[in-house]
Amino acid sequence: MSFLVTHHFPGTTQEQYDAIVAKVHNPDGSLPEGQLHHFAGPTDDGFLVVALWESKTLNDQFQERLFPVIAEMDNPPPPPTEWTAETTNVRNN
């Protein structure tokens, strides 16, 4: 079953998001292993990231790399609010 995760990073900028992606996504622009879709954009008060993963396990493995990278930044964003769900319905056009 696929796994959906959302992260809302309050007070985060496009530049911070871009710096994180540059360090944790593949240099060729492809998604990390197991990530099926990735959506991100600014909100009124920060930045929202939504990702669909093949499994919770693959998401967890990615987050084990992601959050140490964020913590090492010169100007790290605050911890995100996270919402997750085992997906029961995925539709594509």
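For the structure, see preceding data.
Residues numbered from 1 in each chain as written. Predicted model: local features only at pLDDT ≥ 70, side-chain atom pairs only at ≥ 80, totals over all residues. Heavy atoms only, no water.

Caption draft 1: Summary view of the packing of aromatic side chains. A complete count under the given rule lists two aromatic pairs for this structure. A centroid spacing of 4.7 Å and a plane angle of 20° characterise the contact between tyrosine 17 and phenylalanine 47, whose relative ring orientation is stacked. With tyrosine 17 in helix 1 (residues 14–24) and phenylalanine 47 in strand 3 (residues 46–53), this residue pair connects regions lying 30 residues apart in the sequence. Geometrically, the ring pair formed by tryptophan 53 and phenylalanine 62 is tilted, given 5.2 Å between the ring centres and 40° between the ring planes. (Phe/Tyr/Trp six-rings, centres within 6.5 Å; stacked < 30°, edge-to-face > 60°. Helix = DSSP H or I, 4+ residues; strand = E, 2+ residues; numbered from the N terminus.)

Caption draft 2: Quick look at the sheet that holds strand 1 (residues 3–10). Taking strand neighbours across the sheet as the criterion, the four strands line up as 2-3-1-4 in an open arrangement whose pairing is antiparallel. The open sheet has two free edges, formed respectively by strand 2 (35–43) and strand 4 (81–86), since each of these has just one partner strand. When the angles between neighbouring strand axes are averaged without regard to direction, this sheet yields 10°. In terms of strand pairing, strand 1 meets strand 3 through eight bridges, oriented antiparallel. What sits directly across from histidine 7, in strand 3, is valine 49. Here helix 2 (residues 56–71) sits on the sheet in contact with strand 1, strand 3 and strand 4, set at roughly 20° to strand 1. (Pairing = 2+ DSSP bridges. Axes fitted to C-alpha atoms, helices over the stretch in contact; angles between N-to-C directions. Contact = heavy atoms within 4.5 Å.)

Caption draft 3: Local environment of the pattern of salt bridges. What the rule picks out here adds up to one salt bridge. Its salt-bridge partner being aspartate 60, residue lysine 56 comes within 2.8 Å of it at the nearest N-O pair. On the criterion of helical spacing, the pair formed by lysine 56 and aspartate 60 is a turn pair, its members being four residues apart in helix 2. (Salt bridge = Lys/Arg side-chain N within 4 Å of Asp/Glu carboxyl O.)

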